[in-house]
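Spelled out from the first residue to the last, the chains are:
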Amino acid sequence: MVQSKTGKDFIWLVNLFGTPCSPSSFNPDNSLASLAGSLVAHGFRAQILDFQTVRFCSQLIAPEVGNRMYQLIGEIAAGGRPKENDTAVREWIRLDQVVQTHQEKLMHEVARELAAKIARERPLFLGFKLYSGGGQRLTLEVVRRLRQLGVDTPFVGGGPLVRILGSAYHRLYPEFDYLLDGEAELSIVALAQALSRQGPLEAVAGLSFRDSSGRLRNQPPQWPSVLNELPDPDYSEEVYPALYERDQKTLVFQLDESRGCPNSCHFCIHPTINGNQVRCFDPSRVVALMGKLQKWFGASAFRLTGSNTPQKFLLKLADEIERAQLNIHYSCYGSVNMTNPQVLDRLIATGMVGIFIGMETLDTFVLEQMFNKRQDVARAKNLVKECLRQGLYTTTSWMYPAPQQRADLEQEMVGYIADAYAGLTTDHGSVMVVPSLVLPNTAWYRDPGRFGFQLGERDTYLRQYAEIDFSLHRPRALLAPLDQTTGNQPYRESLAQCDQLIQQLEARGVPLNITDDWMLMGKLSGLSMDEFRRRSIQSIVTGDYAAIESIVASVNENTRRGYWPTRDALFQIQAS
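Below: a short report on this structure. Small disclaimer: the values here were computed from a predicted structure and weren't measured.

Time to look at the side chain of H170. Considering the arrangement of structural elements, one finds H170 in helix α7 (residues 168-172). By relative accessible area, which is 2% here, H170 ends up buried. A polar contact is formed between the side chain of H170 and the side chain of S208, at a distance of 2.8 Å. Apart from the residues within four sequence positions on either side, H170 is in contact with F176, D177, Y178, L179, S208, F209 and L216.

Shown next, in the form of structure tokens:
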């Protein structure tokens, strides 16, 4: 068991995502563990209240409702492009509202339990990790109910949605006393010190709050310049009790090895969140954490979270893994710089099993002018080819339709993808295709007209983005409207056009819709990837959490014994 020495003032960090969007929703939350580690290192007590457990999520939907919704998804898909007045669509929308009403009542119960716990333990503040979609809706329901119950403990919001909306979140959703924007390991400590009267609020980087006059104050975020100075994530039982409840969380860990990306892609939020300067932890420290997690939990599968992990770092990581004699498997985001077969050989030999490559498009004009993505198409193609040849589980992402993309390149893209993945299945690699989405705080959002987009009234658009549910099991044609137009095409039309391209790829036998984090779990489940995906999505939609717990148990058992399926003969692809 991991032991942690905590201090006096109690701080709770709450993870409430709601209905899982994928099996990886049950992975441990490394960002909250990192915040807890910083708080504990500075003399505070911290506890992660992680509601994303199998047991809690089993309460989110009644099986009889879920089973009918799952049937309706099949009926809607079989009927082609759905219309809002279709009988199946109307019934699905009605049942979705039934589910939301049920979940809101459940959040009232959560709030009552939290209020009682707050009265007993008197935490300094509650920090909520905020997600778009269901997580936003359910978290706000809990916070509002806590206020109705008379709780006056400060509430702090942070996480992905605050990073994307920035200070606009406080204006649109005033339920939180404080918001923390940016990398928060240092700022959450500064906030804790300020609230315990050890420092001023004005010294907290990235803090949004209302001063004594009611004026909204927004302080710019700062990024830790030397990551090695940050404490390790804290996974001790007193800090992260959900990890010690058998098979309630998977033992597939995400590792924060680097932050920042040298690119400034116009569609990407990463430059806003983590900046353009790549900062890395020391590879020996990352491997030491892998070793600790293996010792404490038996963990043997890891996902590196950096959006552009440098090749030099990965090679040093390989050396450290070999030196530590760790039997592990990991995946990461890929860069076109990794086309050297000897580099891939070295990484594969020390446990690399998956790679995620952002291809986006084959249209060089769109890459350069619309995306600002400095990527040589020929070189990227070679990387995909080499990764597949060497047996890496290769997931490529594509954006379609893209702004100002040439229509004649559609079939070229379909042909290339079909050829690259010819003869392969979801056990070997996968393709993800998404429509162009204007994310707040990106270049596309700041100057939409330059890129051929039109957006509605800005606050309305921000609210739509905050509340839209992108769960993979939700029919995309049934997403709430988003007031975005690409050219003269509304967002729902872009969704339909994207789905048509996906159908073309599916007809060509292209393996689809497995991300690298799904892959790690799928390989450890002992199932084929198709069966893993089918069972996972069906169980999440129908509310069959006994089946989900069985999958989680298999993943955990296999990772503890270091299991990994052997390479398939299909990987013997000719270099030609």
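Position of V414 among the secondary structure elements: in helix α15 (residues 409-420). Classification of V414 by relative accessible area gives buried; the value is 2%. Spatially, the C-alpha atom of V414 lies 29 Å from that of P262, the residues being 152 residues apart in sequence. Excluding anything up to four places from it in sequence, V414 contacts L501, Q504, L505 and R508.

Moving on, we get to unusual backbone geometry. Note the cis peptide between Y400 and P401, where omega equals -5°. Within the secondary structure, P401 is located in the loop between β14 (393-399) and α15. The backbone of N441 sits at a positive phi, close to 70°, despite the residue not being glycine. Relative to the assigned elements, N441 resides in the loop between β15 (429-434) and α16 (443-446). Here the phi dihedral of N513 falls at roughly 60°; this positive angle occurs in a residue that is not glycine. Tracing the sequence through the fold places N513 in the loop between α18 (491-507) and α19 (516-525). Look at N513 and you get partly exposed, because its relative accessible area is 33%.

To continue, consider helix α12 (residues 341-349). Since the α-helix advances by 3.6 residues per turn, residues separated by three or four positions end up pointing in the same direction. Within α12, burial applies to V343, L344, L347 and I348. Along the axis of α12, the buried residues cluster in a sector spanning 130°; they form a single face. Counted as exposed and oriented over 90 degrees from the buried face of α12: Q342 and A349. Those residues of α12 that are buried are in contact with α11 (311-324), β12 (329-333), β13 (352-360) and α14 (377-389).

So, on to the pattern of salt bridges. Tallying each qualifying case throughout the model produces 28 salt bridges. Linking D177 and R147 is a salt bridge whose minimum nitrogen-to-oxygen distance equals 2.5 Å. Of this pair, D177 sits in the loop between α7 and β5 (178-180) while R147 sits in helix α5 (residues 134-148), and the two are 30 residues apart along the sequence. Among the residues examined, R147 registers a relative accessible area of 29% and is labelled partly exposed. With its nearest N and O atoms 2.8 Å apart, the salt bridge here joins R323 to E320. Residue R323 and its partner E320 are located together in helix α11, separated by three residues, close to a single helical turn. Residue R323 is classed as exposed on the basis of its relative accessible area of 58%. Because the salt bridges share partners, they merge into one network encompassing E183, E185, D256, R259 and R279.

What counts and what doesn't
- Residues numbered from 1 in each chain as written.
- Predicted model: local features only at pLDDT ≥ 70, side-chain atom pairs only at ≥ 80, totals over all residues.
- Heavy atoms only, no water.
- Helix = DSSP H or I, 4+ residues; strand = E, 2+ residues; numbered from the N terminus.
- Buried < 20%, exposed > 50% of the residue type's maximum accessible area, 1.4 Å probe, protein only.
- Polar contact = N/O pair within 3.5 Å; in protein donor to acceptor, adjacent residues only side chain to side chain.
- Contact = heavy atoms within 4.5 Å.
- Arc of directions from axis to C-beta.
- Salt bridge = Lys/Arg side-chain N within 4 Å of Asp/Glu carboxyl O.

Without other data, these values stay purely geometric and don't point to any function.
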